[in-house]
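Notes for the structure review
Each chain is listed here by its residues.
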Amino acid sequence: MRHTAGRLNRVWLSIIGVILVLGAGVTAAIGLGLLEGRTVAGIRAPERDQPILNLNHEPATTTTIAAVLVIAGIIIGILCVLWLLAQVPRKHGASDLKLQDPDNRGLTVLKPGLLEDAISDRVEELEDVTGATTIIRGSSRAPDITVRITTTSHADLPRVIADVEHRITNDLNLTLGRGPASLGIAIEVKADPKNDDTVTFQPSSAHT
Amino acid sequence: MSTPTTRRSIRKRPSRSVPASIVALVLLAAAVTAVWGGITALTGGNTAVTEGVTGAVSVPWSAQAAYIPSIAVALIGVALIITALIPGRHDAHLVKHEGASEAALTGRGLRTYLEDRAMTIDGVDSARASLKGRQARIRIGTYALDHDEVQKDVHQRLRATVDSLDLKNARRIRVNTSTLNN
């Protein structure tokens, strides 16, 4: 239903993984003496007894280190906050639907939420469907509709799917003048109530 | 004329948001420490962080304090790459369908469906379904003395149920029966 940052996560996890493996691998290889006396791409591997960095204890060095820490910390910190914010699932729904008449004389603006609620309500009227949520993406000319329905476990799923598709296509044809450009139906199954002392009544949908 | 892009599928592979959040939080903590340490050092306050950095990079390459953490960090890197590259399972099963739409039954939905169908069969007193690979495994408990018959019945009925669902990758059904007694 909602979009998540799967690709972003995988790309960044790979990049960080490669950096860690290369950096730490080279450090460990030098430390274990595996690169002793070797030259890679014109850079001579340091002797393993040398300190990693030869820093003196002058105030200028301390200032440089502190400045580097602050700058690197700010950059990495901002990137991390952005990465964390990207984890929130996004609806990426349509903005207001603009319906134009054929002669281009008038414009009707429709909040997609209204249409989403209408579709959900109409789908919930169907037999064996106990709940529905809808997301509309794209434009009124080519609406991309995703609907998540909840059915009971005694439902005949292929029939329910056909019903839902038929209902949505028909309704959109009536209201927007065209069917959905694409339609996705996710089905969730909810167990029937187990205890015999609860009974669920549904209003009859005689006028459908 | 441009070709329309295809819609995102109704089913998803895991988005790896838990490992991503953990890595982001660890890096964020390191960044906050670095900024705080750098600023306190620059303003003439506590220099513990900068001294720590100086001390850490002054050890020789061959020191245990250098290569043992390096190996651990390299292993974490390998784990991150593996997590990123393994695609993971889809969270729903596509249903074969004539129309224009794409329909998918969620994994949890399929489990509930199979469990409830099994519970409607005579002799079954408890049912638990799990999906593994291309198999749907149903563990049923029964008080019936002859549980072979119940098992056969469950297997047959659930096979028919799965066939009627018309899933794109049909699951094989495996039934384990245990006799419940107290």
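Residues numbered from 1 in each chain as written. Chains lettered and ligands numbered in written order. Predicted model: local features only at pLDDT ≥ 70, side-chain atom pairs only at ≥ 80, totals over all residues.

1. A short note on the overall build of chain A
Stated formally: For the purposes of this entry, the term helix denotes a DSSP run of H or I that reaches at least four residues, the term strand denotes a run of E that reaches at least two, and both are numbered from the N terminus. Restricting the calculation to C-alpha atoms gives the radius of gyration, and the globule rule supplies 2.2 Å times the number of residues raised to the power 0.38. Partly exposed residues are those falling between the two cut-offs: more than 12 but fewer than 20 other C-beta atoms within 10 Å of their own, whereas 20 or more means buried and 12 or fewer means exposed, with C-beta atoms placed from the backbone.
The number of helices and strands found in chain A is four helices and seven strands. Mapped from its N terminus to its C terminus, chain A presents α and β elements in the order α-β-β-α-β-β-α-β-β-α-β. In terms of overall size, chain A is more extended than a compact globule, its C-alpha atoms giving a radius of gyration of 30 Å where 208 residues would be expected to give roughly 17 Å. By its C-alpha atoms, chain A is 85 × 60 × 35 Å across when sized along the principal axes. Expressed as a percentage of its 208 residues, the buried residues of chain A come to 25%.

2. Re the domain arrangement of chain B
This is how the line gets drawn: Note: domain ranges come from an automatic or database domain assignment.
Entries for chain B in the domain assignment read domain 1 (17-85) and domain 2 (92-179). Measuring from the centre of the C-alpha atoms in domain 1 of chain B to the corresponding centre in domain 2 of chain B gives 49 Å.

3. Quick notes on helix 1 (residues 17-42) of chain B
The criterion, for reference: A helix is expected to span 1.5 Å multiplied by its residue count minus one. Contacts here follow a simple rule: the backbone-placed C-beta atoms of the two residues must lie within 7 Å.
An ideal rise of 1.5 Å per residue puts 38 Å on 26 residues; helix 1 of chain B measures up with 36 Å between its terminal C-alpha atoms. Turning to helix 1 of chain B, its buried residues are Ala20, Val23, Ala24, Ala31, Ala34, Gly37, Gly38 and Ala41 of chain B. In this fold, the buried residues of helix 1 of chain B make contact with helix 1 (6-31) and helix 2 (59-85) of chain A together with helix 2 (48-57) and helix 3 (64-85) of chain B. Downstream of helix 1 of chain B by one or two residues, glycine 44 of chain B has phi in the positive range, about 80°.

4. A few points about the interface of chain B and chain A
Formally: Residues are grouped as follows: nonpolar covers Ala, Val, Leu, Ile, Met, Phe, Trp, Tyr, Cys and Pro; charged covers Asp, Glu, Lys and Arg; every other residue, Gly included, is treated as polar. Paired strands are those between which DSSP finds at least two bridges.
The interface is formed by 66 residues belonging to chain B together with 66 residues belonging to chain A. It is helix 1 of chain B that contributes the most residues to the side of chain B that touches chain A, 17 residues altogether. Across the side of chain B that touches chain A, the residue classes break down as 39 nonpolar, 19 polar and eight charged. When strand 7 (residues 182-190) of chain A meets strand 2 (residues 102-106) of chain B, the two strands line up parallel, connected through four bridges. Looking across to strand 2 of chain B, one finds that alanine 186 of chain A is bridged to alanine 104 of chain B.

5. Focus: the environment of arginine 108 of chain B
Here arginine 108 of chain B lies in helix 4 (residues 107-119). Residues arginine 108 of chain B and leucine 131 of chain B, 23 residues apart in the sequence, show an inter-C-alpha distance of 9.2 Å.

6. Focus on helix 3 of chain B
If you check helix 3 of chain B, its first and last C-alpha atoms are 32 Å apart, about what 22 residues at 1.5 Å a residue would give, namely 32 Å. Buried within helix 3 of chain B we find Ala66, Tyr67, Ser70, Ala74, Gly77, Leu80, Thr83 and Ala84 of chain B. In the core, the buried residues of helix 3 of chain B are packed alongside helix 1 of chain A together with helix 1 of chain B.

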